[in-house]
Amino acid sequence: MQYRLRFPRTFDAACRYPLIVYLHGAGTRGTDLDALDSAAIFRYAESTDDFPALILAPLCEAETWFDVYEQLLALIDTVAALPFVDREKISLAGVSMGGYASWQVLMSRASLFSAAVICCGGGMYWNAAKLKNIPIKAFHGEKDTAVYPSESRHMVDAVNREGGRASLVLLPDCDHNCWDAAFADAEVYRFLLRREG
């Protein structure tokens with residue numbers, strides 16, 4: 001599986017850094033690794049003097065993330081185990097097709113992640129008890145007709161019914177692409193990079 005791994009500009013292999021795993025949407029599928037560079041999360045990191053975290057962005061060369069799901073989990077596990085990764089601050093971000101995959105990855109690796117930001121995704125809300133210990137912020141455009149806002153609402157409500165800490169931000173003037181707005185907001189990164197306790 002191809003991937004981008006972005007390092008802080010002042011990277012020192014003797015230090016430990018937070019890691020954000022980013023899962024792209026269907027429009028980035030294919031074999032062109034450069035397509036990842038235009039993702040809003042990378043644009044934000046490049047515009048910041050010294051973005052303090054590693055960003056791992058796998059590339060889905062299949063029809064969906066679920067077609068390469070075991071490879072995806074193996075890559076996340078491998079990078080998470082690198083000696084310069086802070087195992088207490090590994091977060092997950094996903095958009096659209098990557099939003100659906102993010103809900104599932106959280107369920108598969110619930111003990112790994114410290115926070116998640118998921119844009120216009122959905123998942124198996126009946127399995128939400130696995131997510132009750134992960135702070136989650138979901139974003140969705142109210143005008144989205146590609147993935148209906150009810151998908152995010154079902155997941156957030158299900159997590160909170162299980163005693164979790166999930167919130168939903170509905171963007172009233174936004175259709176499917178809510179991720180450009182979400183990942184342009186510094187507060188999103190403070191949420192992803194915070195340390196619980």
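In case you missed it, the structure is sitting above this.
Quick summary incoming for the structure in this document. Just so we're clear, the structure is a prediction, and the values are computed from it rather than from any experiment.

A few words on the sheet that holds strand β6 (residues 136-141). Pairing between the strands of a sheet comes from backbone hydrogen bonds, and it takes one of two forms, parallel or antiparallel. Taking strand neighbours across the sheet as the criterion, the seven strands line up as β1-β3-β2-β4-β5-β6-β7 in an open arrangement whose pairing is mixed. Either end of the sheet is taken by a strand with one partner, and the two such strands are β1 (3-6) and β7 (166-171). If you compare each strand with its neighbour and ignore which way they point, the axes differ by 15° on average. Where strand β4 (residues 85-95) and strand β5 (residues 115-119) come together, five bridges link them in parallel fashion. What sits directly across from Ser91, in β5, is Ala115. Contacting β6 and β7, helix α4 (residues 149-161) crosses the sheet at an angle of about 160° to β7. Against the sheet, helix α6 (residues 186-193) makes contact with β2 (17-23), β4, β5 and β6, and its axis sits at roughly 140° relative to β5, the strand it touches most.

Another aspect to go through is the pairing of strand β3 (residues 54-58). Among the five residues of β3, five are classified as buried, and the element is accordingly described as predominantly covered. Residues of β3 alternate between two faces, with Leu54, Leu56 and Pro58 on one and Ile55 and Ala57 on the opposite face, all of them buried. The pairing of β1 with β3 spans four bridges and is classified as antiparallel. Across the sheet, Arg4 pairs through a bridge with Ala57, a residue of β3.

Attention shifts here to the packing of aromatic side chains. Within this structure, the stated rule accounts for eleven aromatic pairs. Of the aromatic side chains, those joined through ring pairs into one cluster are Tyr22, Tyr44, Phe51, Phe183 and Tyr189. The positively charged end of Lys137 is found above the aromatic ring belonging to Phe191, 5.1 Å away from the centroid.

Basis of the calculations
- Residues numbered from 1 in each chain as written.
- Predicted model: local features only at pLDDT ≥ 70, side-chain atom pairs only at ≥ 80, totals over all residues.
- Heavy atoms only, no water.
- Pairing = 2+ DSSP bridges.
- Helix = DSSP H or I, 4+ residues; strand = E, 2+ residues; numbered from the N terminus.
- Axes fitted to C-alpha atoms, helices over the stretch in contact; angles between N-to-C directions.
- Contact = heavy atoms within 4.5 Å.
- Buried < 20%, exposed > 50% of the residue type's maximum accessible area, 1.4 Å probe, protein only.
- Phe/Tyr/Trp six-rings, centres within 6.5 Å; stacked < 30°, edge-to-face > 60°.
- Lys NZ or Arg CZ within 6 Å of the ring centre and 35° of its normal.

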